[in-house]
Amino acid sequence: MPGLLRGVARTAVVAGTATAVSNRVSRRQQGRWAQQEYQEAPPQSAPAAPPAPVPSADDMSGRIDQLKQLGELKSQGVLTEAEFEEQKRRILG
């Protein structure tokens, strides 16, 4: 039974990480497209500098939630220290 629980927990962590990475890639690509459209558009008056990318609150809260879940899994003994550090590194980029 503990092996099954560890497998389920690991799958949940990997799925959460994959979702976070996928969302980040989508937002980054949308930003690139928006910047490309901005550069291709003819200037109307004084060109304004494009806004600096700011991490969204949803992205940060999602990362915090994932880190909390990782901490709980580690404290329950589901994840080893090495697995915890690896997943934490992936979440934080």
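Each chain has its residues counted from 1, running along the sequence as written. Thresholds applied to this predicted model are a pLDDT of at least 70 for local features of residues and 80 or more for the giving and counting of side-chain atom pairs; totals over whole chains, interfaces and linings are not thresholded and use all residues. Only hydrogens and water are removed before side-chain values are computed, so all heavy atoms of the structure are retained for them.

**What about the overall build of the protein?**
Rule in force here: A run of H or I in DSSP counts as a helix once it spans at least four residues, and a run of E counts as a strand once it spans at least two, with each numbered from the N terminus. The buried label applies to any residue whose accessible area, calculated with a 1.4 Å probe on protein chains only, is under 20% of its type's maximum; exposed applies above 50%, and partly exposed to all values in between. Two residues form a contact once any of their heavy atoms are found within 4.5 Å. Working definition of accessibility: Shrake-Rupley area with a 1.4 Å probe, residue cover restricted to the visible protein chains.
Helix and strand counts for the protein come out as three helices and zero strands. In the protein, the succession of α and β elements from N to C terminus is α-α-α. Looking at the 93 residues of the protein, the share that counts as buried comes to 14%. Restricting the contact set of the protein to residue pairs at least 6 apart, pairs at least 24 apart contribute 66%. By element, 59% of the accessible surface of the protein is carried by carbon and sulfur atoms, the whole surface being about 7200 Å².

**Remarks on empty space enclosed by the protein**
Where we set the bar: Lining residues are defined by having an atom within 4 Å of a point belonging to a cavity or pocket. Those points lie on a 1 Å grid over the protein atoms alone, cavities being sets where a 1.4 Å probe fits but cannot get out and pockets being open sets with protein on both sides within 12 Å along at least five of seven lines. Grid points are joined across faces, edges and corners, and a volume is the space filled by probe spheres set on the points.
The final tally for this structure, using the stated rule, is one cavity of 30 Å³ or more. The space that makes up the largest cavity amounts to roughly 50 Å³. Forming the walls of the largest cavity are A12, V13, G16, T17, Q66, Q69, L70 and I91.

**Thoughts on the side chain of Q87**
With respect to the helices and strands, Q87 occurs in helix α3 (residues 81–92). Not counting chain neighbours up to four residues away, the residues in contact with Q87 comprise V13, V14, T17 and L70.

**Brief notes about the packing of aromatic side chains**
Formally: In this analysis, rings of Phe, Tyr and Trp, with Trp reduced to its six-membered ring, are considered paired at centre separations within 6.5 Å, and the interplanar angle assigns stacked below 30 degrees, edge-to-face beyond 60, and tilted for intermediate values. Here, a charge over a ring means that NZ of Lys or CZ of Arg falls within 6 Å of the ring centre while also lying within 35 degrees of the ring normal.
By the definition in use, this model includes zero aromatic pairs. Residue placement shows K74 over the ring face of F84; its charged tip is 5.0 Å from the ring centre.

**Structural notes on the pattern of salt bridges**
Test applied: By salt bridge we mean one thing: a side-chain nitrogen of Lys or Arg within 4 Å of a carboxyl oxygen of Asp or Glu.
Going through the model one piece at a time under the given rule, you end up with four salt bridges. Note that R90 and E86 form a salt bridge whose closest N and O atoms lie 2.7 Å from each other. Taken together, the residues R90 and E86, both in helix α3 and four residues apart, mark about one turn of the helix. Given a relative accessible area of 42%, R90 falls into the partly exposed group.

**Description of the nonpolar core**
Note the cut-off: As used in this record, nonpolar core signifies buried Ala, Val, Leu, Ile, Met, Phe, Trp, Tyr and Cys residues forming a set joined through side-chain atoms within 4.5 Å.
Core analysis: the biggest nonpolar cluster contains eight residues, these being A9, V13, L70, L73, V78, L79, F84 and I91. When contributions to this core are tallied by element, the ones reaching two or more residues are α1 (2–40), α2 (57–75) and α3. For L70, the residues in contact, after removing those within four places along its chain, are V13, L79, F84, Q87, K88 and I91.

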